[in-house]
Amino acid sequence: MATTTAAQRREQARVEYDAFIKNCPTNQLLTRISDKWVSLVVCALAGGPMRYSDLGRRIAGVSPKMLTQTLRSLERDGILARTVTPSVPVRVDYELTPLGHSLSCLLSAVKDWAELHIEEVNEARGRYDEAS
């Protein structure tokens with residue numbers, strides 16, 4: 001069995017996690033976290049735990065199917081935790097994990113940027129459309 005140097009192992013690890021490579025896990029993770037619904041769910045949960053129905057009301061336009069799929073994928077990725085409280089009816093709460101909180105800082109900044117700069121973007125779109 002051939003041995004590798006520390007530098008070779010670092011180089012191999014760098015190659016293995018290159019988001020510019022389609023099949024790289026980091027590329028797939030970027031695809032997941034750049035989804036509009038993921039961003040909105042994470043930003044909504046940054047304020048604290050919420051129930052499914054509260055999330056549905058907070059995030060305008062999300063269908064129940066899409067909200068369920070988004071929550072399941074975020075739970076699978078360890079970004080949020082789902083807590084079931086036995087009661088009638090059963091209570092289900094969602095909250096960010098520490099990993100989710102670290103992501104929420106980034107996604108909240110992107111959301112804030114979009115809210116702050118939407119008028120500039122709309123003006124640029126108008127100029128582009130007039131020139132086309």
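Please read these numbers as outputs of a predicted model, since none were measured by experiment. (Residues numbered from 1 in each chain as written. Predicted model: local features only at pLDDT ≥ 70, side-chain atom pairs only at ≥ 80, totals over all residues. Heavy atoms only, no water.)

A. The packing of helix α3 (residues 36-45) against helix α6 (residues 98-131), seen in detail. Across the interface, α3 lies against α6 with an axial gap of 9 Å and an inter-helix angle of 110°. By the angle between their axes, α3 is roughly perpendicular relative to α6. As α3 runs across α6, the sense of the crossing is left-handed. Every residue of α6 that contacts α3 at Val38, Ser39, Val42 and Cys43 is listed here: Gly100, Leu103, Ser104, Leu107, Ser108 and Lys111. A breakdown of the residues in the contact of α3 with α6 according to their chemical character gives five nonpolar, four polar and one charged. (Axes fitted to C-alpha atoms, helices over the stretch in contact; angles between N-to-C directions. Helix = DSSP H or I, 4+ residues; strand = E, 2+ residues; numbered from the N terminus. Parallel < 35°, antiparallel > 145°, perpendicular 65-115°, else oblique. Left-handed = near helix turned anticlockwise from the far one by under 90°. Contact = heavy atoms within 4.5 Å. Nonpolar A, V, L, I, M, F, W, Y, C, P; charged D, E, K, R; others polar.)

B. Seen up close, helix α5 (residues 64-76). Its 13 residues place the ends of α5 18 Å apart at the C-alpha level, agreeing with the 18 Å of an ideal helix rising 1.5 Å per residue. Every buried residue of α5 is listed here: Leu67, Thr70, Leu71, Ser73 and Leu74. Down the axis of α5, the sector holding all buried residues measures 165°, keeping them to one side. Opposite its buried face, α5 presents the exposed residues Pro64, Lys65, Arg72 and Arg76, each directed more than 90 degrees away. As for α5, its buried residues are in contact with α2 (25-33), α3, α4 (52-58), β2 (80-85) and β3 (91-96). (Expected span 1.5 Å × (residues − 1). Buried < 20%, exposed > 50% of the residue type's maximum accessible area, 1.4 Å probe, protein only. Arc of directions from axis to C-beta.)

C. Spotlight on unusual backbone geometry. Cis rather than trans, the peptide bond between Val88 and Pro89 has omega equal to -5°. One can find Pro89 in the loop between β2 and β3.

D. Representation of the side chain of Ser39 within the structure. Relative to the helices and strands, Ser39 is located in helix α3. Overall, the relative accessible area of 18% leaves Ser39 in the buried class.

E. Local environment of the pairing of β2. Bridge count between β2 and β3: six bridges; the pairing is antiparallel. Paired with Thr85 across the strands is Arg91, a residue of β3. As consecutive antiparallel partners, β2 and β3 are separated by five residues. (Pairing = 2+ DSSP bridges.)

F. Here's a closer look at the pattern of salt bridges. According to the stated counting rule, one finds five salt bridges in the structure shown. The salt bridge partner of Arg32 is Asp77, with a shortest N-O separation of 2.5 Å. Taken together, the residues Arg32 in helix α2 and Asp77 in the loop between α5 and β2 connect sequence positions 45 residues apart. With a relative accessible area of 28%, Arg32 lands in the partly exposed category. Residue Arg91 pairs with Asp93 through a salt bridge whose shortest N-O separation is 2.8 Å. (Salt bridge = Lys/Arg side-chain N within 4 Å of Asp/Glu carboxyl O.)

Spatial relationships are all this shows, so hold off on functional conclusions.
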